[in-house]
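Each chain, written out:
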Amino acid sequence: MIGKIFGFSGRLLGALWRWLDAVRRTLVNFVILLLLGAVLALILRPGPQVPDSAALLVKPRGVLVEQAAFDDPLSLLRDNRPAEGQIVLADLLEAIAAARDDARISMLVLETDGLQGGGLSKLAELRQALQDFRAAGKPVLVRGERFTQAQYYLGSVADEIHLAPDGFVLLGGLARYVTYFGEALERLGIKVHVFRVGEYKSFSEPFTRRDMSNEDREATRDLLDGLWGVVRSEIAAARKLEMSALERYIADYPAVLAAAEGDAARAALAAGLVDRLSTRDEWRKLLIERVGAADTAADDLRDGDLDGFRQISADAYLAAVRAERPAERERIAVLVAQGAIIDGEQPPGTVGGDTLARLIREVREDDSVKAVVLRIDSPGGSAWASELIRRELELTRQAGKPVVASMSSVAASGGYWIAAGADEIWASPLSLTGSIGVFALFPEFSEPLARVGVAVDGVGTGPLAGAFDLRRPMAPAAAQALQLGIEHGYRRFLQVVAKARQMRVEEVNVVARGRVWTGTAADKLGLVDQLGGLDAAVRAAAARAGIERFDLTWPAAQPSPMRRLLRSLLEAAGLDTAPASRSALARLLGQLEGAAADLLQWHDRDHLYAHCMCEAP
């Protein structure tokens, strides 16, 4: 009897197990079929179609960048907020340039509300692309719920500027205010030893002073006046305004606002800064009148709301024209150096010395690549890593491949050092460059440790043994060694620039000493060869290589497959698409956190840095 019970139980468990196994296999097969179906759908899905007589819709969301940085996907979950959007400048420039000569595109519509900025030179380059579009006989219309200074500078070139009835146009000028920690560090007993050459090399001043030095104040004033002069003159010319009228709007805004009874939108309209005040529905109605109603079966409307007019987004249009374009056998490689220059391997968004050097070697050894353009948007960093990159560019030139440097918003200090490895250097008039100088920072924590009763004692076999221990006072021999190293590094910097620019060292020293220059000033001083944007630099590289037809390739460091998968999942969940909206206090704390993080990632093996505190306004 017991045997029959156990036998029946065994058969029952066996049948249950076979049933569970069948369910498991069915589910696995079902998942595999779903994945295969998704892959086939992506493969067979037709690409975006460009409708006839459509408007190219440009709605940038986030910050203009040269290269999209791949942030840690898990940080999005830790911060519990959307990541700040990134718009790759080159993609927008390519889309607008293609649309300019495309008979299917009749006009360009720019909506600026999502644009968070990104440096004056990038805005100027995008602005020039809009001007070129207009020069082809096609209108540009722009609208904003409100206009920040960056948004308005970009949109001011349009044929028509529309503003929401409750909006405003904010033009306040340019400023640079620095947070100084000198007194706070002194109260804590933390000493920061600074070693530098050049009275204008101001990067270390926030750690040693409580205010701006006279040299930094003078250089900053000249720099901002130069940049602001260009912005004002270009806005006035685009809007056909007298400079005095524009100056009154900027300098006496309370009186301008009072004349309009506090109505900021009406004040902007009266000043000639905008052409019409329009609500969203009025704006859509106008666009339908200009280009026709959308055919949802054919038009690309991926913005989330059906705007009603015949359009194609810049992203979809770029994908379509790239698919239509025949492939060329010869290529020009555009390498992006964006962010601080740091030793070792680094992800996109930071210039890793080893990473960028490896990419340069790879394109040098690629026979299909006929020339190299180095697009620089960096305030510098590690002197060692900067020289490593410059040397690889020099070897590329020696191998017979032309190298052209293209300066974006900032190419200063170490950013200028690596530019010196090119055959020729192009800069925007609004680029920040120069800052030829070297410095070192070394903190000392012996006093605060002593205050809490922590003592450090021991022995060493020489005067420099343990000399760079943060817990101990800095030995005079160590300080002398660092200063001598800084002076040698500065002489080396001067020699590199002198050789590249075919100048005497004494001539370079006059324009060096850590001073920052605009692209226009650098051109007059002989630090750059030509003024122009990325497209001009690419054409110069093609001319040096003797080629007319080519494709651009953009080699870049790639994150790990796991990080790419996590990012894709977050994007699919909508957690990585919208620009962050942060309070003023959150932005302040973020700036302080970012400054601390920057210091922690600096690890030049010789403690020598060619870095500029000159981020673009």
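Described in the following lines is the structure provided in the data block.

Cut-offs and rules
Residues numbered from 1 in each chain as written. Predicted model: local features only at pLDDT ≥ 70, side-chain atom pairs only at ≥ 80, totals over all residues. Heavy atoms only, no water. Helix = DSSP H or I, 4+ residues; strand = E, 2+ residues; numbered from the N terminus. Buried < 20%, exposed > 50% of the residue type's maximum accessible area, 1.4 Å probe, protein only. Phe/Tyr/Trp six-rings, centres within 6.5 Å; stacked < 30°, edge-to-face > 60°. Lys NZ or Arg CZ within 6 Å of the ring centre and 35° of its normal. Pairing = 2+ DSSP bridges. Axes fitted to C-alpha atoms, helices over the stretch in contact; angles between N-to-C directions. Contact = heavy atoms within 4.5 Å. Core = buried A, V, L, I, M, F, W, Y, C linked by side-chain atoms within 4.5 Å. Salt bridge = Lys/Arg side-chain N within 4 Å of Asp/Glu carboxyl O. Arc of directions from axis to C-beta.

1. Focus: unusual backbone geometry
Most of the time, phi is negative for any residue but glycine, and the peptide bond is trans. Positive phi, normally seen in glycine, also occurs at lysine 240, with a value near 55°. Among the structural elements, lysine 240 can be located in the loop between α7 (214-239) and α8 (243-251). Judged by its relative accessible area of 74%, lysine 240 falls in the exposed class. The phi angle at serine 435 is positive, at roughly 50°, despite the residue not being glycine. The exposure class assigned to serine 435 is buried, which follows from its relative accessible area of 1%.

2. Observations regarding the packing of aromatic side chains
One pass over the structure, following the stated rule, counts six aromatic pairs. Summarising the aromatic geometry, the rings of tryptophan 417 and phenylalanine 493 are spaced 4.5 Å apart at their centres and angled 40° between planes, so their arrangement reads as tilted. Residue tryptophan 417 is located in helix α15 (residues 414-419), and its partner phenylalanine 493 is located in helix α17 (residues 476-501); the two are separated by 76 residues in the primary sequence. Summarising the burial analysis for this pair, tryptophan 417 and phenylalanine 493 share the class buried. Directly above the aromatic system of tyrosine 200 lies the positively charged group of arginine 515, at a separation of 4.9 Å from the ring centroid.

3. Quick look at the sheet that holds strand β5 (residues 115-117)
The strand order across the open sheet built from three strands is β3-β2-β5, with neighbouring strands paired in parallel fashion. Either end of the sheet is taken by a strand with one partner, and the two such strands are β3 (86-88) and β5. Put simply, the sheet's adjacent strands are angled 45° from each other on average, direction ignored. Across three bridges, the pairing between strand β2 (residues 62-65) and β3 is parallel. Each residue of the ladder has a partner; that of leucine 64, found in β3, is isoleucine 87. Its contacts with the sheet put helix α3 (residues 89-100) on β2 and β3, and the angle it makes with β3 is roughly 50°.

4. As for the sheet that holds strand β7 (residues 160-163)
Ordered in space as β9-β7-β6-β4-β1-β10, the six strands form an open sheet in which the pairing is parallel. Each edge of the sheet is formed by a strand with only one pairing partner; in this case those strands are β9 (276-277) and β10 (311-313). Note that β7 and β9 share two bridges and pair parallel. Looking at β9, one finds that leucine 163 is bridged to leucine 277. Along the sheet, helix α4 (residues 120-135) contacts β4 (105-111) and β6 (140-144); its crossing angle with β4, the most-contacted strand, is approximately 150°.

5. Comments concerning the nonpolar core
In terms of nonpolar packing, the biggest core is built from 66 residues, with Leu56, Leu108, Val169, Leu171 and Tyr317 touching the most fellow members. Setting aside residues up to four positions removed in sequence, leucine 56 forms contacts with Ala95, Ile96, Ala99, Ile105, Met107, Leu108, Val109, Ile312, Ser313, Ala314 and Tyr317. Val372, Leu494, Val497 and Val511 belong to the second-largest nonpolar core, a separate cluster that totals 53 residues.

6. What about the pattern of salt bridges?
Summed over the entire model, instances satisfying the criterion amount to 48 salt bridges. Of the charged contacts in the structure, one is a salt bridge between arginine 361 and glutamate 392, with a shortest N-O distance of 3.2 Å. Linking arginine 361 in helix α13 (residues 353-364) with glutamate 392 in helix α14 (residues 383-398), this pair joins segments that are 31 residues apart in sequence. Taking the relative accessible area as the measure of exposure, arginine 361 reaches 31% and is therefore partly exposed. For the salt bridge of glutamate 387 with arginine 492, the shortest nitrogen-to-oxygen distance reads 3.1 Å. In this pair, glutamate 387 sits in helix α14 while arginine 492 sits in helix α17, placing the two residues 105 residues apart along the sequence. With relative accessibility at 18%, the residue glutamate 387 sits in the buried group. Look at the salt bridges and you will find they share partners, linking Glu387, Arg390, Arg391, Glu394, Arg492 and Lys499 into a network.

7. Side note on α8
Since there are 3.6 residues in each turn of an α-helix, residues three or four apart along the chain are aligned in direction. By the burial criterion, the buried members of α8 are Leu246, Tyr249 and Ile250. Each buried residue of α8 sits inside an arc of 95° when the element is viewed along its axis, so together they form one side. Turned more than 90 degrees away from the buried face of α8 sit Ser244 and Ala251, all of them exposed. Turning to α8, the residues buried within the fold contact α7, α9 (253-259) and α10 (264-270).

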